[in-house]
Amino acid sequence: MDIRHNWTVEEVQTLFEKPFMDLLFEAQLVHREHHLANEVQVSTLLSIKTGACPEDCKYCPQSAHYRTDIEKERLLEVARVLDAAEKAKSSGATRFCMGAAWKNPKERDMPYLLDMVRGVKNLGLETCMTLGMLNKEQADSLAEAGLDYYNHNLDTSRENYGNIITTRTYDDRLDTLAHVRDAGMKVCSGGIVGLGEDKRDRAGLLMELANLPRHPESVPINMLVKVKGTPLENVDDLDAFDFIRTIAVARIMMPASAVRLSAGREKMNEQMQALCFMAGANSIFYGCKLLTTPNPDEDEDMLLFRKLGINRQERVQKPDQVQESELRDQVAERLAARPSKDDIFYDASL
């Protein structure tokens, strides 16, 4: 399938309206064309600064606009962050993500953030941060320190955005993604479903992501975790099949991207998660907490992986960074070793 950047919302809606089994079948075929089957990338996410965020995101318990049970915490010391990264690595994570509840990082905090990136990088882990909006200089500094990924979600469609957030604009988010890309970092950007949006909004979100000049290397799809005290605490639950459809459509539209089954997994049973992997999800967050919301325990994830025959992805690149051409050769070699499409229905080990 050609990688496209010119989707219309009507085309995306047509994908969503396909019969469920046909949609999953197509998504799985696309997935196997671009990724190793039954391999999932595992990341760990740490909140390095919690609460008191000036943004008014209506889903977020860390917003200073709402009364929730979240305790405010200052920026963690670098040593504590590196200790958490060591533990994440020993538990099998290959990427360590650090999130701060900010509208944007202050200049006084940048030296500590850069030290965190360098320290985690020296452990041989991929690095990711989510710190709110970035200007060009901040993006360049993070890239120079060795930050691999920057996460900045679009959250929802452009049309629905004002119903969810008013303290920054949709274009503010796109500007940050442009700074990240221009600095040479990989982009991690997705959204949240279950915010009370309609089907066209889910289509619009994926259209915006797929029509970026380059697809995000990582696309987290979150299911809303309803938190008491936030404006969305009583929103209607999202139908499980609608969530799985969103995973499948994301996989079809962004074939080479990692599609991350992200927040909300604690409320998903094993069967729902299995269908998400069938639909093309090939990345998860690992550990009992995502910033401030619950996540399945590591042992539960490993048990599910064993039941499904899923392997944790090993890092292709070496900690000291190999050349891009060597990386491409390693990936091509691994993909060439897999069975052809003609074999995929006859080998239960895939």
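Once a new chain begins, its residue numbering starts again from 1 and follows that chain's sequence as written. Per-residue local features are limited, in this predicted model, to residues with pLDDT of at least 70; the limit for side-chain atom pairs, both in listing and counting, is 80 or more; totals at the level of whole chains, interfaces and linings are taken over all residues. The side-chain numbers reported here are obtained from all heavy atoms of the structure, hydrogens and water having been left aside.

*Asks:* Is there a simple way to explain helix H8 (residues 240–253) in this structure?
*Replies:* Owing to its 3.6 residues per turn, the α-helix brings residues three or four apart onto one side. Under the 1.5 Å per step criterion, the end-to-end length of H8 is 20 Å for 14 residues, consistent within 8% with the ideal 20 Å. When a residue's accessible area, from a 1.4 Å probe over protein chains only, is under 20% of the maximum for its type it is buried; when over 50% it is exposed; and in between it is partly exposed. In this text, helices come from DSSP runs of H or I with a minimum length of four residues, and strands from runs of E with a minimum of two, each type numbered from the N-terminal end. When you tally the buried positions in H8, you get 12 out of 14 residues, the bulk of the element. Within the span of H8, buried status applies to Asp242, Phe243, Ile244, Arg245, Thr246, Ile247, Ala248, Val249, Ala250, Arg251, Ile252 and Met253. Pairs of N or O atoms are called polar contacts if they sit within 3.5 Å, as long as, within protein, a hydrogen donor faces a hydrogen acceptor (for residues adjacent in sequence, only side-chain-to-side-chain pairs). Measuring from the side-chain oxygen of the N-cap residue of H8 to the backbone nitrogen of Phe241 gives 2.9 Å; that N-cap residue is Asp239. A helix is expected to span 1.5 Å multiplied by its residue count minus one.

*Asks:* Could you clarify how one ought to interpret the pairing of strand E3 (residues 126–130) in this entry?
*Replies:* As a general feature of sheets, a regular strand has side chains that alternate between the two faces. For E3, a buried count of 4 out of 5 residues is recorded, marking the element as mostly surrounded by other parts of the structure. As paired strands, strand E2 (residues 95–100) and E3 are joined by 5 bridges and run parallel to one another. Bridge pairing links Cys97 to Cys128 in E3. We call a crossover right-handed when, viewed with the strands running away from us, the connection from the first strand over the helix to the second turns clockwise. After leaving E2, the chain enters helix H4 (residues 110–122) and then returns to the sheet as E3, a path that is right-handed. When DSSP finds two or more bridges between two strands, those strands count as paired. Sheet topology note: the E3/strand E4 (residues 149–151) ladder contains 2 bridges and is parallel. Across the sheet, Met129 pairs through a bridge with Tyr150, a residue of E4. Taken together, E3, helix H5 (residues 136–145) and E4 constitute a β-α-β crossover, and its handedness is right-handed.

*Asks:* Help me understand the packing of aromatic side chains, please; the structure alone is not making it clear to me.
*Replies:* Only Phe, Tyr and Trp rings are paired, with Trp represented by its six-membered ring, and only when their centres lie within 6.5 Å; those with planes under 30 degrees apart are stacked, over 60 edge-to-face, the remainder tilted. In total, this model carries 3 aromatic pairs according to the counting rule given. Ring centres 5.2 Å apart and planes at 80 degrees place the aromatic pair Tyr161 and Tyr170 in the edge-to-face group. On the accessibility criterion, Tyr161 (4% relative accessible area) is buried. For Tyr170, a relative accessible area of 4% translates into the label buried. Seen from the ring of Tyr149, Arg95 lies directly overhead, with NZ or CZ sitting 3.8 Å from the centre. Ring-over charges, as used throughout, are those where CZ of Arg or NZ of Lys falls within 6 Å of the ring centre and within 35 degrees of the ring normal.

*Asks:* I would appreciate a short explanation of the nonpolar core in the present structure.
*Replies:* As a rule of thumb, nonpolar side chains are buried together in soluble globular proteins. With 94 residues, the main nonpolar core has Tyr59, Met129, Leu142 and Phe243 as its most contacted residues. At 8 residues, H8 tops the list of elements feeding residues into this core. We call two residues in contact whenever any of their non-hydrogen atoms come within 4.5 Å of each other. When residues no more than four places from it in sequence are discounted, the contact partners of Tyr59 are Asp155, Ile164, Ile165, Arg173, Ile192, Leu195, Leu224, Val225, Thr230 and Leu232. Listed in part, the 6 residues of the second largest apolar core include Leu45, Cys97, Cys128 and Tyr149. What makes a nonpolar core is a set of buried Ala, Val, Leu, Ile, Met, Phe, Trp, Tyr and Cys residues whose side-chain atoms join them at distances within 4.5 Å.

*Asks:* Sorry if this is basic, but what is going on with the side chain of Gln273 here?
*Replies:* Its location among the elements puts Gln273 in helix H9 (residues 270–278). The exposure class assigned to Gln273 is buried, which follows from its relative accessible area of 5%. Beyond its immediate sequence surroundings of up to four residues, Gln273 is in contact with Leu261, Arg265, Met268 and Leu304.

*Asks:* How do you make sense of the confidence of the model for the chain when you look at a structure like this?
*Replies:* Detailed reading of the predicted model is not advised wherever pLDDT is low. When pLDDT is averaged along the chain, the result is 85, and 86% of the positions lie at 70 or above. Each residue gets a pLDDT score, which is the predictor's confidence in that residue and runs from 0 to 100. The model gives residues 288–292 a pLDDT under 50, and that stretch makes 21 contacts with residues more than four places away or in other chains. In this model, residues 316–328 is a region of pLDDT below 50 whose contacts with residues beyond four sequence positions or in other chains number 14 contacts.

*Asks:* Help me understand the side chain of Gln41, please; the structure alone is not making it clear to me.
*Replies:* Positionally, Gln41 belongs in strand E1 (residues 39–49). Overall, the relative accessible area of 3% leaves Gln41 in the buried class. A polar contact is formed between the side chain of Gln41 and the side chain of Thr94, at a distance of 3.1 Å. In contact with Gln41, other than residues within four places in its own chain, are Thr94, Arg95, Arg260, Asn282, Ser283, Ile284 and Gln313.

*Asks:* In this structure, what is going on with the pattern of salt bridges? I would like to understand it.
*Replies:* It is possible for side chains of opposite charge to pair when their charged atoms get near one another. We count a salt bridge whenever a side-chain nitrogen from Lys or Arg sits within 4 Å of a carboxyl oxygen from Asp or Glu. As enumerated under the stated definition, the model contains 19 salt bridges in all. A salt bridge links Glu55 to Arg168; the nearest nitrogen and oxygen atoms lie 2.6 Å apart. Taken as a pair, Glu55 in the loop between E1 and helix H3 (78–90) and Arg168 in the loop between E4 and helix H6 (170–182) lie far apart in primary sequence, 113 residues in all. Taken individually, Glu55 and Arg168 each receive the classification buried, so the pair is uniform in this respect. Lys226 serves as the salt-bridge partner of Asp237, at 2.4 Å between the closest nitrogen and oxygen. With Asp237 in the loop between strand E7 (218–223) and H8 and Lys226 in the loop between E7 and H8, this residue pair connects regions lying 11 residues apart in the sequence. Judged by relative accessible area, Asp237 falls into the exposed class, the value being 64%.

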